[in-house]
Amino acid sequence: MAAASSLVPQFSGLAVECERASCLSSTLFFHGVSSRRRLFSARRAPRGVVAMAGTGKFFVGGNWKCNGTKDSISKLVADLNNAKLENDVDVVVAPPFIYIDQVNNLLTDRIDISAQNCWVGKGGAFTGEIRSRAEQLMDMGCKWVILGHSERRHIIGEDDQVPFIGKKTSYALSQNLKVIACIGEKLEEREAGKTFDVCFQQMQAFADSITSWENVVIAYEPVWAIGTGKVATPEQAQEVHVAVRDWFKKNISAEVASSTRIIYGGSVNGSNCSELAKQGDIDGFLVGGASLKGPEFATIVNSVTSKKVAV
Ligand code: PEP
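Residues numbered from 1 in each chain as written. Predicted model: local features only at pLDDT ≥ 70, side-chain atom pairs only at ≥ 80, totals over all residues. Heavy atoms only, no water.

(A) Examining the packing of aromatic side chains more closely. Inspection of the entire model under this criterion finds seven aromatic pairs. Centre to centre, the rings of Phe 58 and Phe 285 are 6.0 Å apart; their planes meet at 90 degrees, and the pair counts as edge-to-face. Placement of the pair is Phe 58 in strand 1 (residues 58–63) and Phe 285 in strand 8 (residues 284–287), with a sequence separation of 227 residues. On the accessibility criterion, Phe 58 (0% relative accessible area) is buried. In this structure Phe 285 comes out as buried when scored by relative accessible area, which is 0%. Put simply, the rings of Trp 213, Trp 247 and Phe 248 pair up and form one aromatic cluster. (Phe/Tyr/Trp six-rings, centres within 6.5 Å; stacked < 30°, edge-to-face > 60°. Helix = DSSP H or I, 4+ residues; strand = E, 2+ residues; numbered from the N terminus. Buried < 20%, exposed > 50% of the residue type's maximum accessible area, 1.4 Å probe, protein only.)

Structure follows, in structure tokens:
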């Protein structure tokens, strides 16, 4: 058999899109999801090669949440600066707001900075809103912002209805800030067979405020997997990613379906990232807890190599 490297001789981080016909598999994986919108076709890469179904570059984000001190963040940044990271990956970290400047001053240019949230519009009389308006984030060196994270939806109470998340999204994009747009179902929603319905509703709320998807990455983060140590199986994650890509095809365009990165988040770590990364529709990860350890985060970034090798 030809070596994998000769089958994918010039893997450049861009997706190696397999011929749709040859990728179709009748094998379906339904681990606990029973939705009316069950899927059609889970794709499988051609024999011997793991490929990405989308055309975007692998993307790994580290969400540091509300963690760290000046000292621990200096150590984490030093570890990241010393890490050997594969070239074919967009790497982004999201420090707490108050440490963004410190990180921006110390972190290598190889890694971009994201905020964990931002205000819905211009700044002004919003006492205590450390959620900076988009112009301030960019001023501090941020290129990205995480929006719609489940901890903001379900703990802080942000929702699609207001539409608070949508307003933030359109304002951030209008200021040239790129958006990591989070979606994902709660455990009870999964158990009720509503996984796809919830994700599609959240996708629609984002879509209502997005005119160009060029600067958007979708993070599928099942709420039951976030910070619980209970990672989705590769098949569970792949199933939803395929569904979201299909949603794009039906509701936006085939081109956006292919070019928009769909990353997975929820208890990803150095041990499980490689198997997840092999899934054709997983274009990277959003990582919480494991992103606080530099070497482990580097392992997750470098799991892109799983896409290059023969299976
Ligand atoms: C997150 O907060 O986006 C996340 C995925 O967290 P964890 O990796 O800790 O589950």
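Now that the structure has been shown, the text picks up again.
(B) Here's a closer look at the sheet that holds strand 6 (residues 216–220). In spatial order, the strands read 1-2-3-4-5-6-7-8; together these eight strands close into a barrel with parallel pairing. For this sheet, the mean inter-axis angle between neighbouring strands, taken without regard to orientation, is 25 degrees. Inspection of the sheet shows strand 6 paired to strand 7 (residues 262–265) by three bridges, in the parallel sense. Its bridge partner being in strand 7, Ala 219 is matched across the sheet by Ile 263. Along the sheet face, helix 9 (residues 195–207) touches strand 4 (142–147), strand 5 (178–183) and strand 6 and points at about 155 degrees away from the line of strand 5. Docked against the sheet, helix 13 (residues 294–301) engages strand 1, strand 2 (89–94) and strand 8, running at close to 155 degrees with respect to strand 1. (Pairing = 2+ DSSP bridges. Axes fitted to C-alpha atoms, helices over the stretch in contact; angles between N-to-C directions. Contact = heavy atoms within 4.5 Å.)

(C) How the structure looks around the confidence of the model for the protein chain. Chain-level pLDDT for the protein chain is 83 on average; 78% of the residues reach the 70-or-more range. Taken together, the stretch residues 1–49 has pLDDT below 50 and engages in 97 contacts with residues farther than four places along the chain or on a different chain. (pLDDT = per-residue confidence, 0-100.)

(D) Up close: helix 9. Across its 13 residues, helix 9 extends 18 Å between first and last C-alpha, which sits within 8% of the 18 Å expected from 1.5 Å per residue. Three or more residues of helix 9 are buried, namely Thr 195, Phe 196, Val 198, Cys 199, Phe 200, Gln 202, Met 203, Ala 205, Phe 206 and Ala 207. (Expected span 1.5 Å × (residues − 1).)

(E) A look at the side chain of Asn 272. Mapping Asn 272 onto the fold places it in the loop between strand 7 and helix 12 (273–277). Overall, Asn 272 belongs to the buried group, its relative accessible area being 16%. Among the polar contacts made by the side chain of Asn 272, one reaches the main-chain carbonyl oxygen of Ser 267 at a distance of 2.9 Å. In this structure the side chain of Asn 272 is engaged in a polar contact, spanning 2.8 Å, whose partner is the backbone nitrogen of Asn 269. Sequence-distant contacts of Asn 272, that is, excluding residues within four places in its chain, are made with Val 231 and Ser 267. (Polar contact = N/O pair within 3.5 Å; in protein donor to acceptor, adjacent residues only side chain to side chain.)

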